[in-house]
Every structure is written in C-alpha cells, then in structure tokens.
Amino acid sequence: MNEDIRIHSWPCSYYLDTNKQWVSGRLSLTPVAIKFTADKTGELLVNFHLSSIGEIKKESSNLIFSSLTILEKNTKHWFSSLQPNRNVVFNILEHFWREQLLSSQGAGAEAAALQSTKGKELTGLLTGSQKRLEDTAKVLHYQGEQFDNIMKGLNKIEGDMDVADRLLTELESPSWWPFSSKLWKAPLEAKPKETATVSDSKNQEGIIIRIPVIITHRTDSNVKPGKLTLFASGLEISDCNSQVIHRFESKDVDDIRVHTPYEISVRQRFIGKPDTSYRLLSAKMPEAIPILEMQFSKKIQFLEDALGFVGARKSPQVDLGTSIWQAATGLLGGVAQPGSPVGGREGMDNDQVQLQKQEKVSQEEAKELKQILKKLKGLALEAEAELERQDEALDSITTSVDRATLNIDKQNRRIKKLT
C-alpha cells in the first residue's frame, strides 16, 4: 500500500511557535503520518509518523478556543479552526493513531522492517493468501448452502405441482369416477421442516471479518466510531457497544463505492423516500475491500483515488498463486541444497550471486512455509471442489426451473379449459 496516499485533509490553522502566530493551511492524514502544509507558501510545516504520537486531545483556553493538540515526542502541536468541526477530525485521527499502534507497523516497525528477511516477507505473503482463501471458502460454503436450500425449495414446488396436477385431474374427471377422493392424500407433510432448515442455516452463519470503522450517515457532518461486520449473506454496521445501526442483506445493497483504499460508501436506493447510505472509514479497510469485491462484484465501483489500489490487485488469481508457489519452492530449494543455486551460476555476475545468497531462508522459516503451502493447497482443492459442486447444482436448478415452467404452463391451460 502506498504510504503517501492522502486519506483525508481538513482546512485549519496551525500555531507556529517560532513566529508566535497562527498559519492557515491544510492538515493531512496518510496511512502512517500527519502533515500540515501552509496555504500561502506551500511549505510543509509539520510532518511526523503516527507511531511517534504520545497523545491527541481536545483542548481550549482563553486565547485558543476549540483546539486540537497532538503531543509528538516532546513537542505539542496546536490546531484550531478545524473544518467541518473538531470532533470529526479528532475521531478520525484517533482511530488511525490507535490502529497504527496496534498493528505490526506501529512503534518500532520501521526498525524491524530493516531486519526483515526474505523468509519473513514470504511468510507474510503466504499468510495473507491463506486468510484470503479461508474467507473465500466461507463465502463458497454459504453459497453452497443457499443452492441446497434452492434445490429443496424446487423439490417442494414439484411436490406441490404434483398435488395440483392430481386436483386438476379430479376436477377434469367425470362425476361418476369412483377413485377421486384418494388421489391427493399422500404428499402433504414436508412444510415445517423446510423453514427450520433455512432458519438453522441462517443462525449458523459465521462472521468473515469484523473491523473498527468511523461511520458517517448520509451527508451528516458528524461521525462516530463503530464496527463493520461482513457475513456471507451481507454486512452489518454497529456502534461501539455492538448495538446494530443497520444491516444490509446482499440483495439490499444497490452499490458500494470505494473512494480510497480506506474509505467506502454503501447505499440502498428507494423510490419516493431518501436512500439509506453510510460512509465508512477505517485503517483496516484494505482487508475488507477484497471480500466486498468478491461478494458484490457487479455492485462495487472503484473511484479515481482507489484505482491504484484495485490495479495492484487485478492480476489473475491463478498467476498470483503460481508466482507465490514458484517463489516459495525456489527459496525452499535453496535451503534444501545450500550449495546449489536455484537457477545455476552460469552467466551470473557477482551482484546476482550476492542477491541470491540474501534471498535464502532459514530452516525454521522453510518449515513454516511448507506448512502454510500445505494448507493453501488443501484450501484451494476444497474451493475447487465446492465450485464444481455449485456448477452441478446450478445445472440441476436450471433444469428444474425449466421443467416447472413447462408444468405451470400446462396447468394454466388446463385451468382455462375448466373455467
């Protein structure tokens, strides 16, 4: 993720201690830093890492009314005249600051990154791929349950149509026909079990991901912290006390707009009344967007500031998996045979030899990589088998629907003759 991307910016004033005066400009937030740029000169007066912040407070005094202070190491920075208001800026800055401290990129992450080995980088990459495959498996499992419920519903419809067919036969038969009263007594007892099955699958639905968010409802200027929970069947927005604010089922969502890799908006349209719309901002949003893209592929839209994010991820999954597998097996081969390089040393200069030595991983890292690769292979095979099963289910559903349509047409013609 590009660390220079601007998540948000606000017009405000900054107290320049060296000149003892207020300077108007813009306060900007990036994934890892806070910056302030003066309007007149364009000079960058403030630029520090989120992990170096000790405290963010809302303060005021006789001379400074409604101000926001940020304690950075031993320096206190004052910001005032914040637009749209101080509470909005405070909530967003505090959210990203806390998430930065909780994440692996918090305090001390820069020093740790310098010591990161190739094995650690690859382990992190494979762990992310494993998480993505697990989320995909959850969605596929839920979709498979939905297909099973559809098939049960179609079977029930076919049973009801058999009953209707027998009733029509009874109505069409002459009054002297002696067997009319026993034609439709058998298949009438499957109704309550179907609804129980559907409700049970609903109650067993698991959470795919839950992240903290800053919530804005419609075009309100006020924001409040909360949580976004993604299910296989939709998404849910709740407050800090886990009280549900709104739940969107998959069919209720009309569009999802990705404004930046950290901000999205979800909308449900209505005719004759205002739309239901929520804007969600989160430091963890890059983890949720791929899942939303998978669930709402035809409803999600990446705006201009988010095109770089989707472009970096739009390579085919097969190519991505192949490249990961090749990189991992290549590095593991280097560990297994330290004396022999992966591609041979013929035609290789000294720089290439040195780079190859740096890319070797330790035995512990190799063992961990093998375990992750084994899990990835198993998850991929399970997902492939589930997709094949769903393809077969779709074919069966299509055939059943076509058959039911023909039967309904026939019964409609018979009813017209009777009437």
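Look up: the structure comes first, before these words.
Keep in mind that this is a model prediction, so the values were computed, not measured.

1. Describing the overall build of the protein chain
Then step 1. Scanning the protein chain for helices and strands turns up nine helices and 15 strands.
Then step 2. Counting across all 419 residues of the protein chain, residues that qualify as buried make up 38%.
Then step 3. Sequence separation of 24 or more characterises 54% of the internal contacts of the protein chain that already satisfy a separation of 6 or more.
Then step 4. As presented, the protein chain carries roughly 25100 Å² of accessible surface, and 52% of it is formed by carbon and sulfur atoms.

2. Remarks on the sheet that holds strand 13 (residues 263–268)
Then step 1. Strand order in the open sheet formed by eight strands is 11-10-9-8-14-13-12-15, and the pairing between neighbours is mixed. Bordering the open sheet on either side are strand 11 (244–249) and strand 15 (300–302), each of which pairs with just one other strand. Direction aside, neighbouring strands of the sheet carry axes that sit 30 degrees apart on average.
Then step 2. Sheet analysis places strand 8 (residues 207–217) next to strand 9 (residues 224–231), joined by eight bridges and oriented antiparallel. Within the sheet, the bridge partner assigned to V213 lies in strand 9 and is G226.
Then step 3. Where helix 1 (residues 86–102) meets the sheet, it contacts strand 8 and strand 14 (276–281), and its direction lies at approximately 155 degrees from that of strand 8.
Then step 4. Strands in contact with helix 5 (residues 285–295) are strand 8, strand 9, strand 10 (234–239), strand 12 (255–260), strand 13, strand 14 and strand 15; relative to strand 8, the strand with the most contacts, it is inclined by about 105 degrees.

3. Focus on the pairing of strand 11
Then step 1. Here five bridges tie strand 10 to strand 11, and the two strands are oriented antiparallel to one another. Residue pairing in the sheet places G234 in a bridge with E249 of strand 11.
Then step 2. Counting the residues in the hairpin turn of strand 10 and strand 11 gives four residues, including S242, whose phi is positive at 65 degrees.

4. What to know about the pattern of salt bridges
Then step 1. Considering all chains together, one arrives at ten salt bridges under this definition.
Then step 2. With a closest N to O distance of 3.1 Å, K20 and D17 form a salt bridge.
Then step 3. With a relative accessible area of 47%, D17 lands in the partly exposed category.
Then step 4. With a closest N to O distance of 3.1 Å, R269 and D255 form a salt bridge. With a gap of 14 residues between them, R269 in the loop between strand 13 and strand 14 and D255 in strand 12 connect regions that are remote in the sequence.

5. Some words on the nonpolar core
Then step 1. Core analysis: the largest hydrophobic core is formed by 32 residues, its most contacted members being L27, L29, I34 and L93.
Then step 2. Taken together, the elements giving at least two residues each to this core come down to strand 1 (8–16), strand 2 (21–29), strand 3 (33–38), strand 4 (44–49), strand 5 (53–59), strand 6 (67–72) and helix 1.
Then step 3. The element best represented in this core is helix 1, accounting for seven residues.
Then step 4. For this core, the two domains that each supply at least three residues are domain 1 (8–103) and domain 2 (207–309).
Then step 5. Within the second largest apolar cluster, 28 residues are counted, among which are V139, I209, F248 and I256.

6. Some words on unusual backbone geometry
Then step 1. Of note, the bond from Q83 into P84 is cis; its omega dihedral lies within 30 degrees of zero at 5 degrees.
Then step 2. You can see P84 is positioned in the loop between strand 7 (75–80) and helix 1.
Then step 3. Not every positive phi belongs to a glycine, and S242 is a case in point at roughly 65 degrees.
Then step 4. Assignment of secondary structure puts S242 in the loop between strand 10 and strand 11.
Then step 5. Take S242: its relative accessible area is 46%, and that puts it in the partly exposed class.

7. Re the sheet that holds strand 6
Then step 1. Strand order in the open sheet made by the seven strands is 4-3-2-1-7-6-5, with antiparallel pairing throughout. Of all the strands in the sheet, just strand 4 and strand 5 have a single pairing partner and so form its edges. Sheet twist, expressed as the average angle between the axes of neighbouring strands with direction ignored, equals 30 degrees.
Then step 2. Pairing of strand 1 with strand 7 involves two bridges; the strand directions are antiparallel. Within the sheet, the bridge partner assigned to Y14 lies in strand 7 and is F79.
Then step 3. Helix 1 rests against strand 1, strand 2, strand 3, strand 4, strand 5 and strand 6 of the sheet, and its axis sits at about 165 degrees to strand 5.

8. Notes on the environment of N74
Then step 1. Within the element layout of this structure, N74 appears in the loop between strand 6 and strand 7.
Then step 2. Remark: the alpha-carbon pair of N74 and G54, spanning 20 residues in sequence, is separated by 8.8 Å.

9. Considerations on the packing of aromatic side chains
Any pair of aromatic rings gets described here by the distance separating the centres and the angle formed by the planes.
Then step 1. In total, this model carries six aromatic pairs according to the counting rule given.
Then step 2. Between Y14 and F36, the ring centres sit 5.3 Å apart and the planes meet at 40 degrees, which makes this aromatic pair tilted. Highlighted residues: Y14 in strand 1 and F36 in strand 3, separated in sequence by 22 residues.
Then step 3. The exposure class assigned to Y14 is buried, which follows from its relative accessible area of 7%.
Then step 4. Look at F36 and you get buried, because its relative accessible area is 0%.
Then step 5. Aromatic pair F248 and Y278: ring centres 6.1 Å apart, planes at 85 degrees, arrangement edge-to-face. One end of the pair, F248, is in strand 11; the other, Y278, is in strand 14, with 30 residues separating them in the sequence.
Then step 6. On the accessibility criterion, F248 (0% relative accessible area) is buried.

10. A look at a positive patch on the surface
Then step 1. A surface patch of positive charge is lined by K410, R413, K416 and K417.
Then step 2. Residue position: R413 is located in helix 9 (residues 363–418).
Then step 3. With a relative accessible area of 48%, R413 lands in the partly exposed category.

Criteria and cut-off values
Residues numbered from 1 in each chain as written. Predicted model: local features only at pLDDT ≥ 70, side-chain atom pairs only at ≥ 80, totals over all residues. Heavy atoms only, no water. Helix = DSSP H or I, 4+ residues; strand = E, 2+ residues; numbered from the N terminus. Buried < 20%, exposed > 50% of the residue type's maximum accessible area, 1.4 Å probe, protein only. Contact = heavy atoms within 4.5 Å. Areas by Shrake-Rupley, 256 points an atom, 1.4 Å probe, with all protein chains shown as cover. Pairing = 2+ DSSP bridges. Axes fitted to C-alpha atoms, helices over the stretch in contact; angles between N-to-C directions. Salt bridge = Lys/Arg side-chain N within 4 Å of Asp/Glu carboxyl O. Core = buried A, V, L, I, M, F, W, Y, C linked by side-chain atoms within 4.5 Å. Domains from an automatic or database assignment. Phe/Tyr/Trp six-rings, centres within 6.5 Å; stacked < 30°, edge-to-face > 60°. Patch = residues over 30% accessible without salt bridge, like charges linked within 9 Å, V, L, I, M, F, W, Y side chains within 5 Å. Lys, Arg positive; Asp, Glu negative; His and termini not counted. Charge placed at Lys NZ, Arg CZ, Asp CG, Glu CD.

Without other data, these values stay purely geometric and don't point to any function.
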